[in-house]
Amino acid sequence: MSSSSPTSPPARAAYAPLTSLPRRLRPLLCLDDFEAAARGHLPRPLFGYIVGAAETNRSYRDNRLQYDDYRFRPQVMVDVSGRDTGVRLFGQDYRSPFGIAPVGISAISAYRGDIVLAQAAQAAGVPAIMSGTSLIRMEEVREAAPGTWFQAYLPGDTSRIEGLVARVAAAGFETLVLTVDLPVWANRENNVRTGFSMPLRPSLRLAWDGMIRPRWLLGTFARTLLRHGMPHFENSFATRGAPMLSLSALRDTTGREHLNWSHVRAIRKQWRGNLVIKGLLHEGDALKALDCGADGIIVSNHGGRQLDGAVAPLRALPRIVDAVGGRMTVMMDGGVRRGGDVLKALALGAACVFAGRPFMYAAAVGGRAGVDHALTLLHEEVSRNLAMLGLNSISALGPDCLFRQWPVACDDAGTAGEG
């Protein structure tokens, strides 16, 4: 007797040909595939900006390795025909337990990138966080995709903070995400090696990179200039920021060394919507965010782009959940590439996880269709893996679903022992 629910949509086999997709997207079968495709599509400086991290890339690499700490403990012969991958965040229901993290200057890597990402997320029923270092006005993105969250870097000139928060509220955003792990610019040697700078500086190398990538040059860069003019940093302040090709673009993003928790408390008094603090790795900071009145936090090391050697978020997550879980919404980002990664983070207490780079690559190589495809692939992996775990809902995930792979270390005598 078949146990499949008559209301469930027919499942697509993982190995079924994707004939309904544009031809260039058909070979892309997982999120990692989008990175290789973007490498050949984007000029080297722009690809380097997205893929790059700080100094030795230690934290960037560890963000991927962190998921190998755990293996699944599935249960079998369970009726999973009615499984549900949905989650509820801040009173809003979402179809999948993951979202799109903020990625800066996305509209120069993909045509109208911020709108493409936000609209694809809304159609897929997942949250998207618009970057504060974006090149499209927040009001335009909010109108195109009303459920989008807005991420802000607090201006170093504190007199501008109140105006920025007021503008976000006036635009109609309901969730404000403050990224707080950027007191100073990181040492991103990778950007220098690939020719990326802020501001972007015209050079023969940059011109050649664009010429040998005509799809990007014509479909993104030239199209943007012809239809919308020179891109500006539109959302750093209450007013329009500097053009991307301007020395003031760097000046406008520095001088944050003096910011502290008192600024978060002041924002909480002004902001009536959901307040999320992003960039925490220490349970003490999570408790401070709770004390400031934050509704949620995102455990994150900025994709390995800030402090090289900072702990991977998945390894910090259990302590933070123990400290504040149940009193605020704890989310996470960092290294998510597979549905199994999503489920491991949820099993350890995250309410939702975010990924940035893969969806930015998808927007660059395929526009809206590319992001739709990437979101579908990750959703199907989550649903498939949930079934193979023998679970019917995200809420059923817990630490008992996982087996910890303890690392092997050497003792003082030089012999291997269990760490």
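Predicted, not measured: the structure shown is a model, and the values here were computed from it. (Residues numbered from 1 in each chain as written. Predicted model: local features only at pLDDT ≥ 70, side-chain atom pairs only at ≥ 80, totals over all residues. Heavy atoms only, no water.)

J.: Got a minute to help me understand the UniProt feature "active site" (unreviewed entry) in the protein in this structure?
T.: Residues given the UniProt feature "active site" (unreviewed entry) here are H302. In this fold, H302 is placed in the loop between β9 (296–299) and α14 (313–324). Classification of H302 as buried rests on a relative accessible area of 11%. Those residues in contact with H302 that lie beyond four places of it in its chain are Y153, T179, D181 and R188. Within the structure, H302 has its side chain in polar contact with the side chain of Y153 (distance 3.5 Å). (UniProt positions renumbered as here; feature names shortened; annotations may be inferred. Helix = DSSP H or I, 4+ residues; strand = E, 2+ residues; numbered from the N terminus. Buried < 20%, exposed > 50% of the residue type's maximum accessible area, 1.4 Å probe, protein only. Contact = heavy atoms within 4.5 Å. Polar contact = N/O pair within 3.5 Å; in protein donor to acceptor, adjacent residues only side chain to side chain.)

J.: I keep staring at the pairing of strand β6 (residues 149–152) and nothing clicks. Help me out?
T.: Along any regular strand the residues' side chains alternate between the sheet's two faces. Residues W149 and Q151 line one face of β6 and the alternating positions F150 and A152 line the opposite face, and both faces are buried. Taken together, the two bridges between strand β5 (residues 129–130) and β6 define a ladder with parallel strand orientation. For M130, the partnering residue across the bridge sits in β6 and is F150. Taken together, β5, helix α6 (residues 138–144) and β6 form a β-α-β motif whose crossover is right-handed. Of the pairings in the sheet, the one linking β6 to strand β7 (residues 175–179) comprises three bridges and is parallel in character. (Pairing = 2+ DSSP bridges. Right-handed = clockwise from strand over helix to strand, strands pointing away.)

J.: Explanation requested: α14 in the structure shown.
T.: Each full turn of the α-helix corresponds to 3.6 residues, which orients residues three or four apart in the same direction. Counted at 1.5 Å a residue, the expected span for α14 with its 12 residues is 16 Å, and the 15 Å between its end C-alpha atoms agrees. The first or second residue beyond α14 is G326, which carries a positive phi of 90°. (Expected span 1.5 Å × (residues − 1).)

J.: What is the right way to look at the pattern of salt bridges in this model?
T.: It is possible for side chains bearing opposite charge to pair when their charged atoms get close. Applying the stated rule across the entire model yields 18 salt bridges. We note a salt bridge from E139 to R167, for which the minimum N-O separation is 2.9 Å. Of this pair, E139 sits in helix α6 while R167 sits in helix α7 (residues 161–171), placing them 28 residues apart in sequence. Under the relative-accessibility criterion, R167 is labelled buried at 11%. R193 serves as the salt-bridge partner of E189, at 3.4 Å between the closest nitrogen and oxygen. Of the two residues, E189 and R193 both sit in helix α8 (residues 189–194), four residues apart, roughly one turn of that helix. You can call E189 partly exposed: its relative accessible area is 29%. Within this structure, D62, D69, R315 and R404 form a network of salt bridges that share partners. (Salt bridge = Lys/Arg side-chain N within 4 Å of Asp/Glu carboxyl O.)

J.: Just checking my understanding: could you explain the confidence of the model for the protein for this structure?
T.: Where the model shows low pLDDT, its predicted coordinates should not be examined in detail. Averaged over all residues, the pLDDT of the protein is 90; the fraction at 70 or higher stands at 89%. Counted against residues more than four places away or in other chains, residues 1–10, with its pLDDT under 50, gives five contacts. In the model, residues 408–419 has pLDDT below 50 throughout and makes 11 contacts with residues more than four positions away in sequence or in other chains. (pLDDT = per-residue confidence, 0-100.)

J.: What is the right way to look at unusual backbone geometry in this model?
T.: Positive phi, normally seen in glycine, also occurs at N57, with a value near 65°. In this structure, N57 sits in the loop between α2 (44–51) and α3 (58–65). A positive phi angle, near 50°, is found at F90, a position not held by glycine. Within the secondary structure layout, F90 lies in the loop between β2 (87–89) and β3 (92–94). Overall, the relative accessible area of 23% leaves F90 in the partly exposed class.

J.: Would you mind going over the sheet that holds β5 with me for this structure?
T.: What holds strands together in a sheet is hydrogen bonding between their backbones, with the strands either parallel or antiparallel. Strand order in the open sheet formed by eight strands is β4-β11-β10-β9-β8-β7-β6-β5, and the pairing between neighbours is parallel. Of all strands in the sheet, those bounded by a partner on one side alone are β4 (98–100) and β5. In this sheet, strand β8 (residues 274–280) lies alongside β7 in parallel orientation, the contact comprising five bridges. Looking at the pairing, T179 lines up with K278 of β8. Across the sheet, helix α13 (residues 283–291) is in contact with β8 and β9; its angle to β8 comes to roughly 165°. (Axes fitted to C-alpha atoms, helices over the stretch in contact; angles between N-to-C directions.)

J.: Would you explain α7 in this entry?
T.: Taken together, the buried positions of α7 are occupied by I161, L164, V165, R167, V168 and A171. Angularly, the buried residues of α7 cover 155° about the axis, an arc narrow enough to put them on a single face. Summarising the geometry of α7, the exposed residues directed more than 90 degrees from the buried face are E162 and A170. Where α7 is buried, its residues contact α6, β6, β7 and α12 (261–270). G172 occupies a position one or two residues after α7 and carries a positive phi of about 100°. (Arc of directions from axis to C-beta.)

J.: Which parts of the structure should I look at to understand the layout of surface pockets?
T.: One water molecule sets the probe size; rolling that probe over the atoms shows where empty space is left. In this structure, the largest pocket encloses a volume near 870 Å³. Together, 44 residues line the largest pocket, and Y49, W185, R188, H302 and R305 are the ones closest to its centre. Going through the elements one at a time, α2, α3, α8, α11 (248–251), β11 (353–355) and α16 (357–389) are the ones with two or more residues in the lining of the largest pocket. In terms of residues, the lining of the largest pocket owes the most to one element, α3, which gives three residues. Split by residue class, the lining of the largest pocket holds 21 nonpolar, 15 polar and eight charged. (1 Å grid on protein atoms, 1.4 Å probe; cavity = no way out; pocket = protein on both sides within 12 Å on 5 of 7 lines; lining within 4 Å. Points joined across faces, edges and corners; volume = space filled by probe spheres on them. Nonpolar A, V, L, I, M, F, W, Y, C, P; charged D, E, K, R; others polar.)

J.: What's the story with the pairing of strand β10 (residues 329–333) in this structure? I'm lost.
T.: Along β10, five of the five residues are buried, which leaves the element largely enclosed by surrounding structure. What you see with β10 is no split at all: T329, M331 and D333 on one side and V330 and M332 on the other are buried throughout. Bridge count between β9 and β10: four bridges; the pairing is parallel. By the bridge assignment, I298 is partnered in β10 with M331. Read as a crossover between parallel neighbours, the route from β9 over α14 to β10 is right-handed. Inspection of the sheet shows β10 paired to β11 by two bridges, in the parallel sense. What sits directly across from D333, in β11, is F354. At this point the chain moves from β10, through helix α15 (residues 339–347), to the parallel β11, and the crossover so formed is right-handed.

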